[in-house]
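# Observations on the model geometry
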Amino acid sequence: MEYLDFELPIKELQEQLEKCQVIGKESDVDVTETCKKIEKKLVETKKNIYKNLTAWQRVQLSRHPNRPYTLDHIRAICGDTFLELHGDRNVKDDKAMIGGLGKIGDQSYMFIGQQKGYNTKTRQYRNFGMSNPEGYRKALRLMKSAEKFGIPVVTLIDTPGAYPGLEAEERGQGEAIARNILEMTRLKVPIICVIIGEGASGGALGIGVGDRVLMLENTWYSVISPESCSSILWRSWEYKEQAAEALKLTAPDMKKLKLVDDIIKEPLGGAHTDRETTFATVRDAIVKSYDELKNLSPKDLVNQRMDKYAQMGVYKG
Amino acid sequence: MSWFKRKTKGITTTTEEKKDTPKGLWYKSPTGKIIDTEELEKNFYVSPEDGYHVRIGSKEYFEILFDDNKFKELDGKLESKDPLKFEDTKKYPDRLKAAQDKTKLKDAVRTAVGKSKGKDIVIACMDFSFIGGSMGSVVGEKIARAADYALKKKIPFVIISKSGGARMMEAALSLMQLAKTSVKLAQLSDAQIPYISLCTDPTTGGTTASFAMLGDINISEPGALIGFAGPRVVRDTTGQELPEGFQTAEFLLEHGFLDFISHRKDLKNKINQYIDLITNQPLRV
């Protein structure tokens, strides 16, 4: 397990606890009491740390190297029923954007999401979760296919942004994202979006327009990353903490602004500390959302979705 | 003894005062061609010698596209609020105030309805001079309402993009304007009302990732910068040297993202020609 800087007190206690348990096993000394004390302190420390997370700390948690990624969620939720589908039928198969069909209970869903890697090699293979235009076009192809057969769409969002590369520009990164946004506003099947990690700007919104948009507790969603915001507005990379606060990018802030519909609670210590519980909560949230949407006619569904987005914005006059 | 010896020391004349002609009489294009500003205005703000299309704003585009510069402005009173209490090196309301004072505009887009070659048209035109033409709630709402107007009255809709992207000071609220404007364009599209996207210099970021690329036709002016990520970001991320002409209108035309590029003086004719053709109406002369 890797620890973030603000998690170091947890790491210390965790190590103490392990040592204590080892002593208990290897000697005759009764350490039950001591271990219990440390355990209790550990829970308290965790509670204290995670109760008062700053925006920047949540950003760090959203990027935690042990955090479950899109395919982890899908495989846990759908098990053997998941069938991955590839390609945009145009240029290539984007490894940073994955998709496919899977079941939750008796219901089929089309899953789509950005995929990150878990070590240097796979991170490169997945382009750090930054899709090229063909990734967005692959996503749209799968959504259209789902629409044709009346299958609900679930998108899992985890990206530091759409890839800002030369070829991406040549092949129309802006157009690809724009097309997805427009088509998602009028897709005739339920769309449930879950931010499971990073929700960076157009790259996230390119698969992020939905009837229900949910954020895991320790994720972020905004128009720009705090680092880039700092470099543009403060002209230095040093103000990322302030930028994170100013952008109001956490799940509670986004809910308050009515830009997302709900927050999915994470286990104490973050999604990575108890993956199984996280997967179960995400699955339940998807099922609950679908139950709320499945009886709406396509027309009502699209109208409600369009009205929701048409109301976003704060102005005067 | 030298001919030009300064008698007093420490003379510091500001550059402003050193100019021997009043400001604004001449315009110098990037290639160094000089033109009288009155001539420039008559020539649709295009430098005649090198064809350089000078950046202009809503005032000038309305003048170029509406007959006799007659139009009715829509929702002219909408102004930005500060829902996030955003503060970087400056407070957002202070930035807004400064931009309003400098530009005499309310925000980064103006929307209007009027006649162009005798028929009604709704135009939303962005102003780059207002915080880099950035799109926040007001830009989204004004474009949405203009699209609603076009939808209700069945009038063709034009958006003239000129923007650095979404407005950071409204964070996710500005991001959602991409979705909001797209909702309205989807409704226009379903109602078969032509939507023309004119991408002008510069069109980048959130505008490119929404309405700028969603026209029934996307058109541009010569040399305009159009892209999703700005050239500096692309260079910094990839470490690659950018090819000549990268992200220009010509580059986008070549890669299939524009229908055509038009000289500014032909814009009015070409836009109306397209509208007549696509709606199967007799061509206006």
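What you see as residue numbers is a count from 1 along each chain, following the sequence as written. Just so you know, chain letters begin at A and ligand numbers begin at 1, following the order they were written in. Since the coordinates come from a predicted model, pLDDT governs what is reported: local features require at least 70, and pairs of side-chain atoms require 80 or more to be given and counted, while whole-chain, interface and lining totals use all residues. Computation of side-chain values: all heavy atoms of the structure, hydrogens and water removed.

With that settled, consider the overall build of chain A. Counting from the N terminus, the helices are the DSSP runs of H or I reaching at least four residues and the strands are the DSSP runs of E reaching at least two. The number of helices and strands found in chain A is 14 helices and 9 strands. Within these notes, the globule rule equals 2.2 Å times the number of residues to the 0.38 power, and the radius of gyration is based on C-alpha atoms. Whereas a compact globule of 317 residues would reach a radius of gyration of roughly 20 Å, chain A reaches 21 Å, a difference of no more than 12%. Summarising its shape, the C-alpha atoms of chain A cover approximately 70 × 50 × 45 Å along the three principal directions. Only protein chains enter the area calculation, which uses a 1.4 Å probe; residues under 20% of their type maximum are buried, those over 50% are exposed, and those in between are partly exposed. Within chain A, buried positions represent 57% of all 317 residues. Only heavy atoms matter for contacts: two residues are in contact if any of them lie within 4.5 Å across the pair. Within chain A, counting contacts between residues at least 6 apart in sequence, those at least 24 apart form 72% of the total. Two residue types count as positive, namely Lys and Arg, and two as negative, namely Asp and Glu; His and chain ends fall outside the count. By convention, charge coordinates are those of NZ in Lys, CZ in Arg, CG in Asp, or CD in Glu. A distance of 4 Å separates the average location of the 47 positive side-chain charges in chain A from that of its 45 negative side-chain charges.

Before going further, it helps to spend a moment on the interface of chain A and chain B. The partner chain B presents 59 residues to the 48 residues of chain A that form the contact. Between chain A and chain B, roughly 4500 Å² of surface is buried when both sides are summed, and carbon and sulfur atoms account for 74% of that area. Once two parts are brought into contact, the accessible area they lose, counted with a 1.4 Å probe and summed over both, makes up the buried area. On the chain A side of the interface with chain B, the three residues burying the most area are Leu166, Glu169 and Tyr315 of chain A, jointly 15% of the side's total. Here, a salt bridge means any side-chain nitrogen of Lys or Arg that lies within 4 Å of a carboxyl oxygen of Asp or Glu. Remark: the boundary between chain A and chain B carries 1 salt bridge.

Attention now goes to the state of the cysteines. All names here are of chain A. The disulfide definition used here is simple: a pair of cysteine sulfur atoms within 2.5 Å. The tally for this structure, following the rule as stated, stands at 1 disulfide over all chains. Disulfide partner of Cys20: Cys35, at an S-S distance of 2.5 Å. In this structure, the disulfide formed by Cys20 and Cys35 twists by about -120 degrees around the S-S bond and is classed as left-handed. Taken as a pair, Cys20 in helix 1 (residues 8-26) and Cys35 in helix 2 (residues 32-51) lie far apart in primary sequence, 15 residues in all. Taken as a pair, Cys20 and Cys35 share a single burial class, namely buried. In this model Cys78 remains outside any disulfide bridge; the closest cysteine sulfur is found in Cys193, 16 Å from its own.

This brings us to the confidence of the model for chain B. The predictor attaches a confidence to each residue, and that confidence, scored 0 to 100, is pLDDT. Residues of chain B with pLDDT of at least 70 account for 95%, and the chain-wide mean is 93. Model confidence for the complex: the whole-complex pTM is 0.92, and ipTM, which rates the interface, is 0.93.

A cavity here means a set of points on a 1 Å grid, drawn over the protein atoms and nothing else, where a 1.4 Å probe fits but cannot get out; a pocket is an open set with protein on both sides within 12 Å along at least five of seven lines, and a residue lines either one if it has an atom within 4 Å of a point. Grid points are joined across faces, edges and corners, and a volume is the space filled by probe spheres set on the points. Tallied over the full model, the rule gives 1 cavity of 30 Å³ or more. Quantified by volume, the largest cavity comes out at close to 80 Å³. Lining the largest cavity are 14 residues, and of these Glu169 and Gly172 of chain A together with Gly227, Phe228 and Leu252 of chain B sit closest to its centre. By the convention adopted, Pro, Cys, Tyr, Trp, Phe, Met, Ile, Leu, Val and Ala count as nonpolar, Lys, Arg, Asp and Glu as charged, and the other residues, Gly among them, as polar. Classifying every residue of the lining of the largest cavity gives 6 nonpolar, 6 polar and 2 charged.

Next up on the list: the nonpolar core. Take the buried Ala, Val, Leu, Ile, Met, Phe, Trp, Tyr and Cys residues and link them wherever side-chain atoms come within 4.5 Å; each set so joined is a nonpolar core. Within the largest apolar cluster, 111 residues are counted, with the highest numbers of intra-cluster contacts made by Ile112, Val153, Leu205, Tyr221 and Cys229 of chain A together with Val122 and Phe157 of chain B. Considering every element that reaches this core, the biggest residue donor is helix 6 (residues 171-190) of chain B, with 11 residues. If near-sequence neighbours (up to four positions away) are discounted, Val122 of chain B is found in contact with Leu74, Ala112, Val113, Ala146, Tyr149, Ala150, Ile155, Pro156, Phe157 and Val158 of chain B. By size, the runner-up hydrophobic cluster in this structure holds 24 residues, among which are Leu40, Val54, Phe66 and Ile123 of chain B.

Turning next to the pairing of strand 5 (residues 191-200) of chain A. Residue and element names in this part refer to chain A. Among the 10 residues that make up strand 5, 10 are buried, leaving the element largely enclosed by the rest of the structure. Whether two strands pair comes down to DSSP finding at least two bridges between them. Two strands pair when backbone bridges link them, and strand 4 (residues 153-159) and strand 5 are joined in this way by 6 bridges, in the parallel orientation. Bridge pairing in strand 5 places Ile157 opposite Ile195. For strand 5 and strand 6 (residues 212-216), the ladder comprises 4 bridges, and the chain directions are parallel. Across the sheet, Cys193 pairs through a bridge with Val213, a residue of strand 6. Where strand 5 and strand 7 (residues 220-222) come together, 3 bridges link them in parallel fashion. Its bridge partner lying in strand 7, Ala200 is registered against Ser222.

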